[in-house]
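# Structural description and commentary
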Amino acid sequence: MGKLPSLKEMYPKFAEEFEKTKPPSVLERVTPEAPPPPSFCLPRPDGWWRQPPYSKWIQDRGREPTAYELLLDFIIGRAISSPKAMELASSAPSRLIVYEIEHPQRGTEFVRMFLNPTQVIEGPPEEEPDLWIKMNYYDFVPVLGGEISVFNAVYEGRATILGNTTAGLDQYDVMTAILGFEIPRPRCWPRGHP
Amino acid sequence: MEKRKVLDERAGQLEAREREYVRELYALSKKYLEVEKERPLYSIMQKTFGADPFALQDSQMYKRGGYRQSKRKQEFARLGRQVAVERGLPAYNRAVGLPIGQRQLEPFLISGTNIMVEQDDTHHLNNVAIQQMLDDIKRTVIVNLDIAHRMLTVRAGKEVTPETINLYLETLQHTMCGGAVAQEHMSEINPLLVKDAYAKVITGSDEVKDALDRRFLIDIDQLFHPTRAEKLKEAIGDAIWIVLRIPTLAVRMADGDEAARWAAMQNTMAFIASYGLSGEHIISDLAYSFKHARVVRMGNKMWYQRMRGTNEPGGFPDGYICDFMQAERDLPARRFLEVAQEDEEEALKYSRAMHEGIGGIAAVIDNVLWLGFYMSGGIGFSNTVASAAYSEVMNEISMELIELSHRYMQGVRKVPLRWETVRTMVNSIIQYTMESYEKFPTLAEFHWGGAHRVSVIGSIAASSAAMLTGSSTMGLMAAHYAIAFAMKEGWLRTGWAGQEIQDHLGLPYLCSMRPEEGNLVELRGLNYPMQSFSAAHGAIRGAAVYAAMIGRGSSWCLSPVVKVAFADPHLIFDFKHPKLCIAKAGIRQFMPAGERDPVLPPH
Amino acid sequence: MAEGKVKYEPQIYPGKDETSERRRKLWDKRRKLAKYREISDDDITRLLGHRAVGALYPSVHPPLEELIEAYDPIKNIVVPTPGARAGDRIRFVQFADSFWHPPIAPHGRLRLYFNRLRGIDVVAYSGRCILEMRERDLEAAMKMLLETEIFNPARTALKGITIHGHSLRLDEDGLMFDARRRYILDKSTREVVYIKDQMGRVLDNPVPVGRPLSEEECRKLDLAYTWDTHPFKSRTEVLEILSRAAKLRVLAGFNPELLTEEM
C-alpha cells in the first residue's frame, strides 16, 4: 500500500478555498468603523472663505477665520438677515451652548453662544453650559454653510454632543430657519421646553 | 494684552449672566404640562387611574375599601374561605398580613389590545397563556434529518424519496402521539390527552418543499415577509429539519428535558416503521443522531446548583428567546435606520413589533418564569415588573425615539459603534423617559418599584442603541449606562439591591468574550452569572438582542431554524401576538393544552 | 512633583448647580448639616422599637475590655465604636424616601452614611435604605438622621417593614404613602406624628417629629435632579463624568490606557 499524501499536498490552497466557501457575514453591515467623512468635510484649500457661497457672509481677514470669527460672521451675516431665525432665537429659553472646535493646525478653540439674547463670545465657559458640542473645524464649516446638519456629523461619529439636547434642538431650529427650512419640533420637547 | 483684558471683562459680565440664565430657565416648567396632555400617556394614565395624571396627591388614598376595591381579590377572599371550609385547614386569608388595598389597585390596559386586566390576572399560575408559552417552548426539539437520510442510503442501502419522507412524516404524527408502530401489546395514550403533539418540517429548498405534503410543512414563504423568507431560506439551505412537539402534558409531568427523550424515541420508531428497519446496528446510530447529533434544544443544561435539564428556562440563550419572538415577521427585512429616515409610520411598526416581543416574551420568561418562579418560588413581585412591559408606556416612548431619528438623522449612512456617538441618542431618550416619570405622578405610581423603572428605562436605552447600530453589545452597554449611571445619578435610586450586581460588577465584563466573563449577548442567557439574580434584566437583554436584529435588518437573531420553528401556526400559544394571548388568558378566554379532562371523573 | 505630600482634597461631586452643591454638602463630613427640629432620645428609642425606654442595652458579647482575643494588628489600628466596645446587638433602622422632591434619596443616604458614620452596614434599594449598627451607635446616629435637613417628616419615613410606596402619589395631607399608616398629620399642631414604631407596632404615646416641609423647602432641599428644579439633561459636567466612567468600566475594564479615540 502506498503512502497517503499529507493533507497539505492534497489541498495546497486549503485555507484560501475554505474561505471562499463561507457566505458573507451579516456583521459586514455593522462594522464598527465610522463611514468615511463626506468630501465637504475634508480640510479645505487656502482661501476657501473667499469663494462663494462662503464669501457672502464671511469677512475676509486675510487669513482663515477662527471658530469664533466664523460663528460671529454667521450670526451677523446670516442670522440677523433672517427674520424667522431671529424670531425663533428670541422665543427660545436662554441657553448657553459651548463649541469646542478642533482645528488641525491651530488646535482647540472655544466659542460660547447664547441663545436669547443671542451673543457669541470667545473662550471656554465659566458656568456649566447647557450643551457642549465638540467637533472638527472642517465639520463646523459645512454645518454653518448649510451643507450638512450638525446631527449628521454627530450620528456619523465625527462630532460629539453632551448635555441638554433640547438646547441643541433650539439651535438647530435657528440654523435651519436661516437656511430657509423649518423642521417641526418633536412632540417630546416642543419649542421653548426647558 | 489689551484684547485679553477686554475678553476678561466680557467673561466677567458673562459669568454673571450665565448664572442668571441657569436659574431663570426652569421657571418655565409648569407651562409645558399643557403640552404633555397631548401625549397618549396622558390618556392611558387617565384611563388607568380615573384621575388627573398630573395630580401629586391622591385624595382617595386609604379610603378605597382595602382589598374589596378589586373584584379579583374579593373573589380570592371568598374562594379562600371556601377552600378552608372544604379542607378543614386555613387557606388564603386576607385577615393575616398587612391590609392590602390601602392604595389604588389599578387594573391596566395591555398594549396592542383593548383588554384591561387586574394585576393578579398576570400571575403565572392564574394566567394559562404564560404557562402555555413556556410549555410550547419546553416541548420543542428540532432535529436535522440529513444525517439520518444519509445513513439510510449509504449504510442500509435504503432509498429516500419524497414518498418515503411523506410516509415517515405521517407515521411520525402517530408515534409522537404515543402510538405503537412496531410491537403488539404496547400501552398507548388517549389521543385527546396528546392532541397537541406533532412534528413538522422546515426546509430552505423550494424543490424539497414542493415534494412534501403541505400539512407537514412550516411554510417559510407563507409565514414570513418575502425579504425575510429569502434570507431564512438561504440560511437553512437544502437541509431538512424536523420540529418535534411533544405533548404539553409530558413536559408538565416531567420537565423540559423530557422533550428530547420523547422526540428521539418516537422519531426513531417512525423511522423503523416507515423504512422497515430491524434491530440492526443502524438503529443505534439513528437514535444517536436524534438525541445528540445536530439536535437543537431550546435551552442548555444549567450548572449543578441550579439543577435543571435541557429545554428549561434558565438555559435558554437570549438569542433563542428573541428567535421565539415573531412579531416582526410580516415586516420587510430592512435596516431600522433606513426605515426611520424614510417613514415614521413604518418605523413605528418595527418598534411596536419589538415591544410586543420583549414585553410579551422576554420579560415574561425572565421576570415571571425564571426569576419569579424557578428562582424565587413565585412570590409575585417580579410578575408586577413584567407587567410594566405589557403596558403601552414603552411604545409611547419609542414613538419619540422614532420621531427624533426621523427628523434628526436624515442622511446618516451608518451609526458607528462608538460610545460617544451612541450616547447622544441614549441620553436624549432616557432623559425623556425619566422626565416622564417626574411629570406624571400616576406613571410613577403605576411603575411603583425601582425594578419596574429599571426595566422600562433599560429596555428603552438598549433598544435605542441596538436599533440604531445593529449591535446587541452596544445595546447592553447603553442599558447598563442608563441604569447604573444615568438613572442612578439623576434620582439617586436604581432598582432593588440586586441590581447593583449586574449594573456595577457586570460592567467590566460586558464586552469581554472570554469564557466565564462575558459573551455575545445572543449567547448569554437567563442564568448568566452576572445577570441571573434580578428582575428587569431579561427585558433589557431581550431588547438589546431583538432590537439589534431589527437594526441590522436581519431575519433572525441566533438561529434561523428556531425562528421558523416558532412561526408554526399549530402552536397553541401565538408567538406573534404574545400580549394578546396573555390578555385573553387574563379575562379567561385562552384555552391551553395539556388538560387531563378526558381521563378525569366528571367534574 | 514638589517634595512632600500633595494635600488630598476630596471633590465629592461634579456640577455647579444647587443640587450638585447639596450633594457635595451632604456627602462631605467636614460640613455640618442644618438642624431643623429636636427629638428626644427616648422618642428615638420608641420609634426604633428595639428596646424599651430605660432598659439596658442587650449585649451579644462581653465588653471588649473583658475579652481576651488573639492578637490582630487591625484591632490596634481601628478604634471600636462605643457600641462595639460594650458588646451591643447589631440593630437596624430603615428609611424610605419619597420620589417627590425628597431631601435625600436611597443612594444619597448610602453615600452619606459611608462618609459620616462608622461601623455600619447598608443596602440601598429603589425607595429605601437600611442601616445596621451597634444599638447605641445607631441611636446616636438617629439624632442626625431625624433632626437635620435630611429628614422631611412628610416625605421621609421610618419603615422597618412594608416599605412600599416611595413613588406613589402623596395622600391628601401631602404625606408619603404607608400601607401600615405609621404616621399621620396632627391637624391641630400641623405636625407629623408617629403612632406606630418603625415595625408598625402601636406606640403607647404618639411621637411628634415636626412639621412637614413646605413645597418650596422641598424643592430647595431636593437631592435628585428633576425636570422642574434642576433638570438632569442640562447637567453637562455630571453627564461627562458618567459617560467617562461608563467607558472606562465597560470598554477599558478599569484600565484607562486601553481606551482609544475609536471607542
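The rules behind the values
- Residues numbered from 1 in each chain as written.
- Chains lettered and ligands numbered in written order.
- Predicted model: local features only at pLDDT ≥ 70, side-chain atom pairs only at ≥ 80, totals over all residues.
- Heavy atoms only, no water.
- Contact = heavy atoms within 4.5 Å.
- Buried area = accessible area lost by both parts, 1.4 Å probe.
- Salt bridge = Lys/Arg side-chain N within 4 Å of Asp/Glu carboxyl O.
- Polar contact = N/O pair within 3.5 Å; in protein donor to acceptor, adjacent residues only side chain to side chain.
- Helix = DSSP H or I, 4+ residues; strand = E, 2+ residues; numbered from the N terminus.
- Nonpolar A, V, L, I, M, F, W, Y, C, P; charged D, E, K, R; others polar.
- Core = buried A, V, L, I, M, F, W, Y, C linked by side-chain atoms within 4.5 Å.
- Buried < 20%, exposed > 50% of the residue type's maximum accessible area, 1.4 Å probe, protein only.
- Domains from an automatic or database assignment.
- Pairing = 2+ DSSP bridges.
- Axes fitted to C-alpha atoms, helices over the stretch in contact; angles between N-to-C directions.
- 1 Å grid on protein atoms, 1.4 Å probe; cavity = no way out; pocket = protein on both sides within 12 Å on 5 of 7 lines; lining within 4 Å.
- Points joined across faces, edges and corners; volume = space filled by probe spheres on them.
- Patch = residues over 30% accessible without salt bridge, like charges linked within 9 Å, V, L, I, M, F, W, Y side chains within 5 Å.
- Areas by Shrake-Rupley, 256 points an atom, 1.4 Å probe, with all protein chains shown as cover.
- Lys, Arg positive; Asp, Glu negative; His and termini not counted.
- Charge placed at Lys NZ, Arg CZ, Asp CG, Glu CD.
- Phe/Tyr/Trp six-rings, centres within 6.5 Å; stacked < 30°, edge-to-face > 60°.
- Lys NZ or Arg CZ within 6 Å of the ring centre and 35° of its normal.
- Expected span 1.5 Å × (residues − 1).

### A closer look at the interface of chain C and chain B
Every contact between the two is made by 63 residues of chain C and, on the other side, 64 residues of chain B. When chain C packs against chain B, the two sides together hide about 5,500 Å² of surface, and 60% of this comes from carbon and sulfur. Of all residues in chain C, the largest losses of buried area upon contact with chain B belong to Arg169(C), Trp227(C) and Val250(C), amounting jointly to 18% of the total for that side. For the pair chain C and chain B, the number of links is seven salt bridges. With a closest N to O distance of 3.1 Å, Lys233(C) and Glu435(B) form a salt bridge. There are 31 residue pairs in polar contact (both at pLDDT 80 or more) connecting chain C and chain B. Elements that contribute at least two residues to the side of chain C that touches chain B include exactly helix H1 (18-26), helix H5 (106-116), strand E2 (121-124) and helix H8 (236-250) of chain C.

### Thoughts on the interface of chain A and chain C
Counting from both sides, the interface comprises 14 residues of chain A and, opposite them, twelve residues of chain C. Between chain A and chain C, the buried area comes to about 1,000 Å², and carbon and sulfur atoms account for 51% of it. Linking chain A with chain C are one salt bridge. Among the elements of the structure, strand E4 (131-136) and strand E5 (159-163) of chain A are those that each provide at least two residues to the side of chain A that touches chain C. Among the residues forming the side of chain A that touches chain C, the class breakdown is six nonpolar, four polar and four charged.

### Brief notes about the nonpolar core
Tyr99(A), Phe324(B), Tyr481(B), Tyr546(B), Leu112(C), Leu145(C) and Tyr194(C) are the most contacted members of the largest nonpolar core, which totals 252 residues. Of the residues forming this core, the biggest block, 16 residues, is contributed by helix H16 (residues 344-375) of chain B. Mapped onto the domain boundaries, this core takes at least three residues apiece from domain 1 (140-297) and domain 2 (312-559) of chain B. Residues in contact with Tyr546(B), not counting those within four places in the same chain, are Cys322(B), Met325(B), Gln326(B), Ala327(B), Glu328(B), Ala353(B), Met354(B), Gly357(B), Ile358(B), Cys557(B) and Lys563(B). In terms of nonpolar packing, the next biggest core, distinct from the first, is built from 42 residues, Val143(B), Leu145(B), Leu172(B) and Ala199(B) among them.

### Overview of the sheet that holds strand E5 (residues 240-245) of chain B
All names here are of chain B. Across the sheet, which stays open at both edges, the four strands sit in the order E4-E5-E3-E6 with antiparallel pairing between neighbours. Lying at the two open borders of the sheet, with one neighbouring strand each, are strand E4 (198-203) and strand E6 (295-297). Across the sheet, the mean angle separating the axes of adjacent strands is 20 degrees when strand polarity is ignored. As judged from the three bridges shared by strand E3 (residues 140-144) and E6, these two strands associate in the antiparallel manner. Paired with Ile 142 across the strands is Val 296, a residue of E6.

### Overview of empty space enclosed by the protein
Residue and element names in this part refer to chain A. Throughout the structure, instances matching the rule amount to eleven cavities of 30 Å³ or more. In this structure, the largest cavity encloses a volume near 80 Å³. In terms of lining residues, the largest cavity is bounded by Tyr 99, Leu 131, Ile 133, Met 135, Val 143, Val 150, Phe 151, Val 154, Ile 161, Gly 168, Gln 171 and Tyr 172. Among the elements of the structure, E4, helix H6 (150-155) and helix H7 (165-178) are those that each provide at least two residues to the lining of the largest cavity.

### Structural notes on a negative patch on the surface
A contiguous patch of negative charge on the surface is contributed by Glu33(A), Glu102(A), Glu261(C) and Glu262(C). Note on placement: Glu261(C) falls in the segment after H8.

### Points about the packing of aromatic side chains
One pass over the full model with this rule turns up 38 aromatic pairs over all chains. Note on Phe566(B) and Phe575(B): the rings are 5.0 Å apart at their centroids and 75 degrees apart in plane angle, and the pair reads as edge-to-face. Taking relative accessible area as the criterion, Phe566(B) reaches 2% and is therefore assigned buried. Among the aromatic residues, ring-to-ring pairing joins Trp48(A), Trp49(A), Tyr54(A), Trp57(A), Phe74(A), Tyr137(A) and Tyr138(A) into one connected group. The side chain of Arg106(A) reaches across the aromatic face of Tyr137(A), ending 5.1 Å from its centre.

### Things to note about the pattern of salt bridges
Opposite charge on two side chains makes pairing possible when the charged atoms of those side chains draw close. Evaluation of the coordinates by the stated rule reveals 87 salt bridges over all chains. Linking Asp170(A) and Arg185(A) is a salt bridge whose minimum nitrogen-to-oxygen distance equals 2.6 Å. Remark: Arg185(A) occurs in the segment after H7 and Asp170(A) occurs in helix H7; sequence separation between them is 15 residues. Relative accessible area serves as the criterion here: at 10%, Arg185(A) is assigned to the buried category. Linking Arg187(A) and Glu403(B) is a salt bridge whose minimum nitrogen-to-oxygen distance equals 3.0 Å. On the criterion of chain membership, the pair formed by Arg187(A) in the segment after H7 and Glu403(B) in helix H18 (residues 393-408) is interchain, its members lying in two chains. Look at Glu403(B) and you get buried, because its relative accessible area is 2%.

### Description of the sheet that holds E5(A)
Residue and element names in this part refer to chain A. Spatial strand order, E3-E2-E1-E4-E5: five strands in an open sheet with mixed pairing. In this open sheet, the two edge strands, each paired with only one partner strand, are strand E3 (119-122) and E5. Each neighbouring strand pair of the sheet contributes to a mean axis angle of 20 degrees, computed without reference to strand direction. Note: strand E2 (residues 107-115) against E3, four bridges, orientation antiparallel. Pairing of Phe 114 across the sheet is with Gln 119, part of E3. Against the sheet, H7 engages strand E1 (95-103), E2, E4 and E5, with an angle of about 80 degrees to E1.

### Description of the side chain of His230(C)
Position of His230(C) relative to the elements: it lies in the loop between helix H7 (215-221) and H8. Apart from the residues within four sequence positions on either side, His230(C) is in contact with Asp17(C), Glu18(C), Thr19(C), Tyr225(C) and Arg235(C).

### Observations regarding the environment of Ser391(B)
Residues and elements named next belong to chain B. Examined against the element boundaries, Ser 391 turns out to sit in the loop between helix H17 (381-390) and H18. The buried category is assigned to Ser 391, whose relative accessible area is 2%. Note: C-alpha distance between Ser 391 and Lys 579 (188 residues apart in sequence) is 9.3 Å. Not counting chain neighbours up to four residues away, the residues in contact with Ser 391 comprise Leu 109, Ser 111, Phe 446, His 447 and Lys 579.

### Overview of a nonpolar patch on the surface
A surface patch of nonpolar side chains, about 420 Å² in accessible area, is lined by Met10(A), Tyr11(A), Phe14(A) and Phe18(A). Along the polypeptide, Phe18(A) turns up in helix H2 (residues 14-21).

### Considering the environment of Tyr481(B)
For Tyr481(B), the location among the structural elements is in helix H22 (residues 472-491). When the C-alpha atoms of Tyr481(B) and Ala543(B) are compared, they prove to be 15 Å apart, with 62 residues separating the residues in sequence. Excluding anything up to four places from it in sequence, Tyr481(B) contacts Trp419(B), Val426(B), Asn427(B), Ile430(B), Ala486(B), Leu239(C), Leu242(C), Ser243(C) and Ala246(C). Among the polar contacts made by the side chain of Tyr481(B), one reaches the side chain of Asn427(B) at a distance of 2.8 Å.

### Some details on H8(C)
In an α-helix, one full turn covers 3.6 residues, which means residues spaced three or four apart are oriented alike. Between its first and last C-alpha atoms H8(C) spans 21 Å; for 15 residues at 1.5 Å apiece the expected length is 21 Å, and the two agree. Among all positions in H8(C), only Thr236(C), Val238(C), Leu239(C), Leu242(C), Ser243(C), Ala246(C), Lys247(C), Leu248(C) and Val250(C) are buried. The inward-facing, buried residues of H8(C) contact E4 and E5 of chain A, helix H19 (419-439) and H22 of chain B together with H1 of chain C.

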